[in-house]
Amino acid sequence: MSTATQTKSIVVERTMPHSPGKIWRALTQAPMIAEWLMKNDFKPEPGHKFQFRATPMPGWSGITNCEVKEVIENQRLVYTWGDGTESDSGLKTVVTWTLTPTANGTMVRMEHSGFRPEDENGRKAMSGGWPGILERLEKKAGEA
Amino acid sequence: MSKETETPQAGTRSVVIERVMPHPPEKIWRALTQSAMMAEWLMPNDFEAKQGHEFKMTWSNNGYSGVIDSKVTAIEPHSKLAYTWASMGVDTLVTFTLVPEAGGTRLRMEQSGFDPANKQALGGAMHGWTGFLEKLETVVGKA
């Protein structure tokens, strides 16, 4: 029997009427991230460890431990989301942001990958949540 | 007015939060006991306001998710509601008490039965309930 685990992703794409540079700022400046996503201590430096903080729930501290994996200015940002220690569920996922310039703005692609079968309830809920998060990102990027 | 209070088991800890809300007990009671209203301030659930009713609450946030298994253990309309709360190996009891006051109602929430060593569960419950009760007041105010 194979021990390989089949994982699933969430992919959300949204074309925003802003330059990649403007969206990049909203994606990588901690106070701006707090406005469209969550409180955090993010820095756009590979290897930087940071946390997102939400309301605690039974069995979960409300903290999501993350680590920056890749930073290519105005193009690509990758960070881990969950290090397996925050809850008994052991969630360990990855968020990848890709920015591609278009004629009138930028195509923003968010992929949240690594959900195991036991993470399915969380994946479904996040699938419903990410489109609204990208909508807020677009709004905040426009205000910057 | 309810005088009876749940006595926590010896050696365990409780989280207690009190909040005075500018609403009559009946109005707060509805938000505490109607499933659809509970979903707005607490979690999606299949609660019914019946002694002994077993129900589940589900939550998910940031990709994390969980289920809380509960059972109604006390129900005294407009004054007291208690249910068990079992999740991730932590078994506790949640008791709401409503006491009318001039200008509103004093709501007391006690979650009892925590292992004193489980600081994370205690801290999480304190922070979590503070947020839930804020939302509860908002939901009651809209009703």
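Just so we're clear, the structure is a prediction, and the values are computed from it rather than from any experiment.

Draft legend 1. Highlighting the overall build of chain B. A count of helices and strands for chain B gives three helices and six strands. Overall, chain B shows an N-to-C arrangement of helices and strands of β-α-α-β-β-β-β-β-α. With the C-alpha coordinates aligned to their principal axes, the bounding extent of chain B is approximately 40 × 35 × 30 Å. Counting only residues that meet the buried cut, chain B has 33% of its 143 residues in that class. Counting only contacts in chain B whose residues sit at least 6 apart along the sequence, the fraction spanning at least 24 positions is 49%.

Draft legend 2. Summary view of helix α1 (residues 25-33) of chain B. All names here are of chain B. For α1, the set of buried residues is Pro25, Ile28, Trp29, Ala31 and Leu32. Around the axis of α1, the buried residues are gathered within 165° of arc, so they sit on the same side. On its buried face, α1 sits against β1 (13-21), α2 (35-41), β4 (80-87), β5 (90-101), β6 (104-114) and α3 (119-142).

Draft legend 3. Region of the structure containing the environment of A:Thr64. Mapped onto the secondary structure, A:Thr64 falls in strand β4 (residues 63-72). Contacts of A:Thr64, omitting those with residues within four sequence positions, involve A:Gln51, A:Phe52, A:Trp81, A:Gly82, A:Glu86 and B:Asn62.

Draft legend 4. Fine view of the nonpolar core. Ranked by size, the top nonpolar core spans 31 residues in total, and within it B:Ile28, B:Leu32, B:Val94, B:Phe96 and B:Leu107 carry the most contacts. Every element with two or more residues in this core is listed here: β1, α1, β2 (54-61), β3 (64-76), β4, β5, β6 and α3 of chain B.

Draft legend 5. The sheet that holds β3(B), seen in detail. Residues and elements named next belong to chain B. Pairing in this open sheet of six strands is antiparallel, and the strands run β1-β6-β5-β4-β3-β2 from one edge to the other. Looking along the sheet, the strands with just one partner apiece sit at the ends: β1 and β2. Each adjacent strand pair in this sheet contributes to an overall mean axis angle of 25°, direction not counted. In the sheet, β4 pairs with β5 via eight bridges, with the strands oriented antiparallel. Its bridge partner being in β5, Lys80 is matched across the sheet by Thr97.

Draft legend 6. Structural context of the interface of chain B and chain A. Opposite the 17 residues of chain B that make contact, chain A presents 25 residues. Secondary structure elements with two or more residues in the side of chain B that touches chain A: β2, β3 and α3 of chain B. In terms of residue class, the side of chain B that touches chain A is built from five nonpolar, 12 polar and no charged.

Draft legend 7. Spotlight on unusual backbone geometry. Residue and element names in this part refer to chain B. Look at Asn62: it is not a glycine, yet its phi comes out positive at around 60°. A residue is classified by how many C-beta atoms lie within 10 Å of it, and Asn62, with 25 of them, is buried. One non-glycine residue, His78, lies in the positive phi region at around 70°. Locating His78 in the fold gives a position in the loop between β3 and β4.

Draft legend 8. Representation of the pairing of strand β6 (residues 93-101) of chain A within the structure. All names here are of chain A. Sheet analysis places strand β5 (residues 76-81) next to β6, joined by six bridges and oriented antiparallel. Of the residues in β6, the one forming a bridge with Trp81 is Thr93. Of the pairings in the sheet, the one linking β6 to strand β7 (residues 106-115) comprises eight bridges and is antiparallel in character. Across the sheet, residue Val94 finds its bridge partner in β7, namely Ser113. Counting the residues between successive antiparallel strands, the hairpin from β6 to β7 contains four residues.

Draft legend 9. Seen up close, the pairing of β4(A). Residues and elements named next belong to chain A. Here strand β3 (residues 49-53) runs beside β4; their pairing, made up of five bridges, is antiparallel. Paired with Phe50 across the two strands is Cys66, which belongs to β4. Sheet analysis places β4 next to β5, joined by six bridges and oriented antiparallel. When the sheet's bridge partners are listed, Ile72 is paired in β5 with Arg76.

Draft legend 10. Structural view of the packing of α1(B) against α3(B). Residue and element names in this part refer to chain B. Where α1 meets α3, the axes come as close as 9 Å, and the angle between the chain directions of the two elements is 115°. The chirality of how α1 crosses α3 is right-handed. Here Lys27, Ile28 and Ala31 of α1 lie close against α3, whose contacting residues are Leu136, Val139 and Val140. Taken together, the residues of the contact of α1 with α3 sort by class into five nonpolar, no polar and one charged.

Parameters at a glance
- Residues numbered from 1 in each chain as written.
- Chains lettered and ligands numbered in written order.
- Predicted model: local features only at pLDDT ≥ 70, side-chain atom pairs only at ≥ 80, totals over all residues.
- Helix = DSSP H or I, 4+ residues; strand = E, 2+ residues; numbered from the N terminus.
- Buried ≥ 20, exposed ≤ 12 C-beta atoms within 10 Å, placed from the backbone.
- Contact = placed C-beta atoms within 7 Å.
- Arc of directions from axis to C-beta.
- Core = buried A, V, L, I, M, F, W, Y, C linked by C-beta atoms within 7 Å.
- Pairing = 2+ DSSP bridges.
- Axes fitted to C-alpha atoms, helices over the stretch in contact; angles between N-to-C directions.
- Nonpolar A, V, L, I, M, F, W, Y, C, P; charged D, E, K, R; others polar.
- Left-handed = near helix turned anticlockwise from the far one by under 90°.

In short, geometric facts, not functional conclusions.
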